[in-house]
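Observations on the three-dimensional arrangement
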Amino acid sequence: MAEGPTPHGILKDLFGHDDFRGQQEAIIGHVWQGGDAVVFAPTGGGKSLCYQIPALLRPGMAIVVSPLIALMRDQVEALRQSGVRAAAYNSDLAEGEAQHLRRAILEGEIDLLYAAPERLSLPGFQAFLKQVPIALIAIDEAHCVSQWGHDFRPEYMKLGELAELFPGVPRLALTATADPQTQRDLVHRLRLDAARIFSSSFDRPNIRFSIEVKDNPKRQLLGFLEREHRGDSGIVYCLSRRKVEETAEWLKGQGLKALPYHAGMAAGLRQANQDAFLKEEGVVLVATIAFGMGIDKPDVRFVAHLDLPSSVEAYMQEAGRAGRDGLPANALLLYGLGDMAQRRRMIDESASPEAIKRIEQAKLSALLGICETAECRRRALLRHFGETLESDCGNCDTCLAPVESFDGTVAAQMALSAVYRTGQRFGIGHLVDVLTGNETDKIRSWRHDQLPTFGVGRETGKAEWQSIFRQLVARGALAVDHDNYGALRLAGDARAILKGELALKLRRDRRPTRRAERAARGGGESAALRQSLDAEETAVFERLRALRTTLAREQGVPPYIVFQDTTLIAMAKARPRDLDGLGTIPGIGASKLERYGARFLEALAQS
Ligand code: ADP
Ligand code: ZN
C-alpha cells in the first residue's frame, strides 16, 4: 500500500535529519491537521521546519511572511538545494521573472512562497493568491507586529487581516524574542487568540555571555578575538557609523579580516561586505545594528558589542546571531557610564510620543540592571522573558568567575550625599575627587574641601567609586543630566537610600585583568572546533572545508548552504566510505547526497 509523505520521512529525505528537536514534531502535527499555532523558540531552535514540513504535507502552496529580502533569498536557496520547490516574490524579480513565477504558482509548481508584509497587503497580490489553494500562512519574526516589541514594523499590523482573507487556512506566528507583554500583544494583533501556543525557553545554552566594564575597549576586543576567536567569523556592533569605520580600520591594522557595514555606505560596497561575510571564512564584520536581521549564517562564532544595545530583547536578538548551529559561541558586551547616558539621551531626544519613551527607558533600565548584576547573567536575562532558571548556568562570566557583592548602603549614601551637597551639577570625576579628598583647583574654587563629605571616601579607590556611581545610575537612583555635561542629580529611590530606608547590595567590580591565563594556544583554529575534534579529525575537516568553499564559489552561494559546519564535523568524525554511509550524516538529504556526495567521498578517501 502506498503511503503518503510523513513528517519523519520529509525530515530524513529532504533535510537529512533523523529526529525532531524540542517541540517541532508537536507543532508540525498540529499545523498539518489545520490548527493555528504561535511558536516562541530561540534563534537556532529549528523554527523553520515547523512551517516548512507542514507546507509540504498539506495540499496547496504555503505563504511565508518574512521581513527582509536578504532573508528570503537565503532561505529559498537553502530549500532549493534540499530539493524543495520554494520561491520568493519580491522586488528582486524582473517583470519577466515575476510573470514566470506567477505562472508556476498557478500551475501548482511552488510549495513555499516567501513574501514581505508590504507585498501581502497589496489588494492585487491578495487577489492573485486567492486563485490557488493555500496550505498555510507562516509569519516569521512575528514580534515585529507589536509596538511593545523592540523592532516594530508598521507593515506587520495588517497581517491580522489574513485571518479573514484566507478563512480555514492554518496560520503560524514565530519569534525568538518577545517579553511576556510583547507575546500577548502579538497573539492578539495577529488574531491568534484561539491558536495553540508552543513556548520553549528562549535560552541559548551554547552562547557564553560576558559583560565587561569598558576600560580600553579596543584592547579588550582584540584580546578577546586573539584568545578565543582566531580565524572565526563574527560580528562587532558599534552605535555610530564613524565608530564602525574606525574600528574596522583598526582591526584591519591588527591583521584581522575586518570589514565595515552601516547604512551610510554606498549600497554596492555594503552589499559586497555583507557577501564577503556570508561567503568567506573568518570575516569579522563591524556593523551598526542596520546589519543582522535576516542573517541566517549559522557559524557566526561571536558577537561583540562595543556599545550598549537599547534593550534586553535587542541584546538577545543581536547576541543571538552567534552560534545558530549549536556549537559553542561567545557574546561579549562592553559598557560604561558614557553609554548609559548616551542611550538615555537618544530616547529623550527621539521624536517618539511620551508613552513610548517611557517604555524605552524602562527597557534600557532592565538591560542596565543585567549589566550590573552580581548573579548569573543567563538567569537575569531569562527572567526578563518570564523564565526561571533552576540553577546557575555555568556558562557566563559571573558563573565562571563569581563576582563579590558587598553591602553598599553606606557607600551609596556617601555618593548620593556628595551629589546633593555639591548642588547636583557635577559629573562623576569631580564627585570622586570630593569623596576621595583630592584637592584640585576645581575643588578649591568651589570650596568643596569645606564640605562634610570631603574626603569621607578616602579608603575606597577611584575605580571603585566610579563603579558605585555607575551602579547607582543603572538602578535609577542617579540621573545623568545631558544638557549639563553629564552632571548627576538624585532620582528614583535616592532619598530612601539616603534616609537609610533601603539596604543596597552592590557588585564589586573585577579589575579588568588582561586575562593572560587563557593566552594563545597555537593552532589558530576556533575554540568551537578545538572542543569537538582531535588533531587528525581537524585535518580531515580542513580538507572538507576547502572543498565546500570551492563548491560554494562555483555556485555563488555561502558555504553553509552547501553544508553546515556541524555536518562537516560529523563527516570528519565518521569518515564514511560510500554513499550509503554518507547519507546517514546529519544534514545530508537525498538531494544534497546526489549533488555533492561523490565529491565529498573523494575528499574523504584521501584521508
Ligand atoms: P530558527 O529559525 O529557529 O532560528 P532554524 O530553523 O534556522 O532556526 O534552525 C537552526 C539550525 O538547526 C539549522 O541549522 C537547522 O538545519 C538545524 N535543525 C533544525 N531542526 C533540526 C533537527 N530536527 N535536527 C537537526 N538539525 C536541525
Ligand atoms: Zn551563569
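Rules behind the numbers
- Residues numbered from 1 in each chain as written.
- Chains lettered and ligands numbered in written order.
- Predicted model: local features only at pLDDT ≥ 70, side-chain atom pairs only at ≥ 80, totals over all residues.
- Heavy atoms only, no water.
- Pairing = 2+ DSSP bridges.
- Helix = DSSP H or I, 4+ residues; strand = E, 2+ residues; numbered from the N terminus.
- Axes fitted to C-alpha atoms, helices over the stretch in contact; angles between N-to-C directions.
- Contact = heavy atoms within 4.5 Å.
- Near = heavy atom within 4 Å.
- Polar contact = N/O pair within 3.5 Å; in protein donor to acceptor, adjacent residues only side chain to side chain.
- Areas by Shrake-Rupley, 256 points an atom, 1.4 Å probe, with all protein chains shown as cover.
- Nonpolar A, V, L, I, M, F, W, Y, C, P; charged D, E, K, R; others polar.
- pLDDT = per-residue confidence, 0-100.
- Salt bridge = Lys/Arg side-chain N within 4 Å of Asp/Glu carboxyl O.
- Buried < 20%, exposed > 50% of the residue type's maximum accessible area, 1.4 Å probe, protein only.

**Let's talk about the sheet that holds strand S1 (residues 37-40)**
Read across the sheet, seven strands follow the order S3-S4-S2-S5-S6-S1-S7 without closing on themselves; strand pairing throughout is parallel. Strands with a single pairing partner mark the edges of an open sheet, and in this sheet they are strand S3 (86-89) and strand S7 (196-199). Across the sheet, the axes of successive neighbouring strands diverge by a mean angle of 20 degrees, strand direction being ignored. Note: strand S5 (residues 134-139) against strand S6 (residues 171-175), three bridges, orientation parallel. Across the sheet, Ala 138 pairs through a bridge with Leu 172, a residue of S6. Here helix H2 (residues 24-32) sits on the sheet and contacts S1, S5, S6 and S7; the angle it forms with S7, its principal contact strand, is near 165 degrees.

**Comments concerning the site of ligand 1**
Close to ligand 1 lie 15 residues; Asp 19, Gly 44, Lys 47, Ser 48 and Gln 564 are nearest. Gln 24 has a polar side-chain atom sitting 2.9 Å from a nitrogen atom of ligand 1. Take Gly 46: an N or O atom from its main chain is 3.1 Å from an oxygen atom of ligand 1. Summarising the interface, the protein chains cover 82% of the accessible area of ligand 1, which totals 560 Å² for the free molecule. It is helix H3 (residues 47-57) that contributes the most residues to the shell around ligand 1, three residues altogether. Taken together, the residues of the shell around ligand 1 break down into three nonpolar, eight polar and four charged.

**Re the confidence of the model for the protein chain**
Put simply, the protein chain has an average pLDDT of 91, and 95% of its residues get 70 or more. Considering only residues more than four positions removed or in separate chains, one finds that residues 514-524, a stretch of pLDDT under 50, has 14 contacts.

**Examining the pattern of salt bridges**
Within this structure, the stated rule accounts for 35 salt bridges. In this structure, the salt-bridge partner of Asp 493 is Arg 475, at a minimum N-O distance of 2.5 Å. In this pair, Asp 493 sits in the loop between strand S16 (487-490) and helix H22 (494-498) while Arg 475 sits in the loop between helix H21 (462-474) and strand S15 (478-481), placing the two residues 18 residues apart along the sequence. Given the relative accessible area of 23%, Asp 493 is considered partly exposed. Between Glu 554 and Arg 599 there is a salt bridge, with its nearest N and O atoms 3.8 Å apart. With Glu 554 in helix H24 (residues 535-555) and Arg 599 in helix H28 (residues 590-605), this pair connects stretches of sequence that are 45 residues apart. Judged by its relative accessible area of 54%, Glu 554 falls in the exposed class. Residues participating in the shared-partner salt-bridge network are Glu 281, Glu 542, Arg 545, Arg 548 and Asp 565.

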